[in-house]
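# Observations on chain architecture
The primary structure of each chain is shown beneath.
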Amino acid sequence: VATDALLKFLADKTKPPEISVVRFTRDFVQLAFGINSSTIDANWPQALAMMTAPMRERVSKQTDSAKRLDPYRAAQIRSDLAIEDILLIEQTPTLLHVKTTLSRRKGPLLGGGPFTTDRLAVDLVEAIVSVSPEHPDGLAIAEWQIQEPPAGPGAAPKKEGTHSP
């Protein structure tokens, strides 16, 4: 018969350490939101591989049907991504709610030219999965939502969209 202390110990041993959550989140947002025309064909499949199977299927269908990657390939854009913060908001035995704020600078892939900067607040639901070669951190993206961070105190975030790079 398992005691409460033993059950708690086993539960703690199966959840990923905080450093793994930060590393996984950082790697995912870099692949999914730091998109360059020259690396999108390599990085986007890696971002998809970091998702749960249902999420990957849904995002792939949306991306393919809307041909969302073609404009990035053709535009010859470079994105420089800065991760401002990564916060663990809530945790259950099987899911983590992680919020990250990103600053993204976009400009021409080669040479000079005008750059634009935007900020994104990305809410991620990370599923705790079995550690495997596909998921070495024991995490997979189960859902995400993108918002524009509020301009000032008390301003509500403007919803920009879901499931798109």
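Everything below is about the structure shown above.
Numbering of residues begins from 1 in every chain and follows the order in which that chain's sequence is written. In view of the model being predicted, local features appear only for residues whose pLDDT reaches at least 70, and side-chain atom pairs are presented and counted only at 80 or more, with totals across whole chains, interfaces and linings using the full set of residues. Hydrogens and water molecules were not included; the side-chain quantities draw on all heavy atoms of the structure.

Looking now at the overall build of the protein chain. Check the secondary structure of the protein chain and you find 5 helices and 5 strands. For the protein chain, the N- to C-terminal ordering of α and β elements is α-α-α-α-α-β-β-β-β-β. For the protein chain, buried positions account for 38% of its 165 residues. Note on definitions: a residue-residue contact is assigned when non-hydrogen atoms from the two residues lie within 4.5 Å. Considering only intrachain contacts with a sequence separation of at least 6, the fraction spanning at least 24 residues in the protein chain is 56%. If you sum the accessible surface of the protein chain, you get close to 9400 Å²; carbon and sulfur atoms cover 58% of it. Strands here are runs of E lasting at least two residues and helices are runs of H or I lasting at least four, both read from the DSSP assignment and numbered beginning at the N terminus. Only protein chains enter the calculation, and the probe is 1.4 Å; a residue is then buried if its accessible area is under 20% of its type maximum, exposed if over 50%, and partly exposed in between. Per-residue and other accessible areas follow the Shrake-Rupley method at a 1.4 Å probe size, with only the shown protein chains counted as cover for residues.

Further remarks concern helix H3 (residues 40–49). Of all the residues in H3, the buried ones are Ile 40, Trp 44, Ala 47 and Leu 48. End-on view of H3: buried residues confined to an arc of 100°, all on one side of the axis. This arc corresponds to the set of directions leading from the helix axis out to the C-beta atoms.

Let us look at the packing of aromatic side chains. Two aromatic rings, drawn from Phe, Tyr or Trp (for Trp, its six-membered ring), form a pair once their centres lie within 6.5 Å of each other, and the interplanar angle then sorts them: stacked below 30 degrees, edge-to-face above 60, tilted otherwise. By the definition in use, this model includes 2 aromatic pairs. Plain terms: the ring middles of Phe 33 and Trp 144 are 5.7 Å apart, the flat faces sit at 55° to each other, and that makes the pair tilted. With Phe 33 in helix H2 (residues 18–33) and Trp 144 in strand E4 (residues 139–148), this pair connects stretches of sequence that are 111 residues apart. Criterion for a charge above a ring: Lys NZ or Arg CZ within 6 Å of the ring centre, and within 35 degrees of the ring normal. A cation over a ring is seen here: Arg 105 above Phe 115, with NZ or CZ 3.7 Å from the ring centre.

Attention now moves to the pattern of salt bridges. By definition here, a salt bridge exists when the distance from a side-chain nitrogen of Lys or Arg to a carboxyl oxygen of Asp or Glu is within 4 Å. What the rule picks out here adds up to 9 salt bridges. Among the salt bridges present, the one from Arg 58 reaches Glu 143, with a minimum N-O distance of 2.8 Å. On the criterion of sequence distance, the pair formed by Arg 58 in helix H4 (residues 53–65) and Glu 143 in strand E4 is long-range, its members being 85 residues apart. Residue Glu 143 is classed as partly exposed on the basis of its relative accessible area, which comes to 30%. Of the charged contacts in the structure, one is a salt bridge between Asp 80 and Arg 78, with a shortest N-O distance of 3.1 Å. Given the relative accessible area of 30%, Asp 80 is considered partly exposed.

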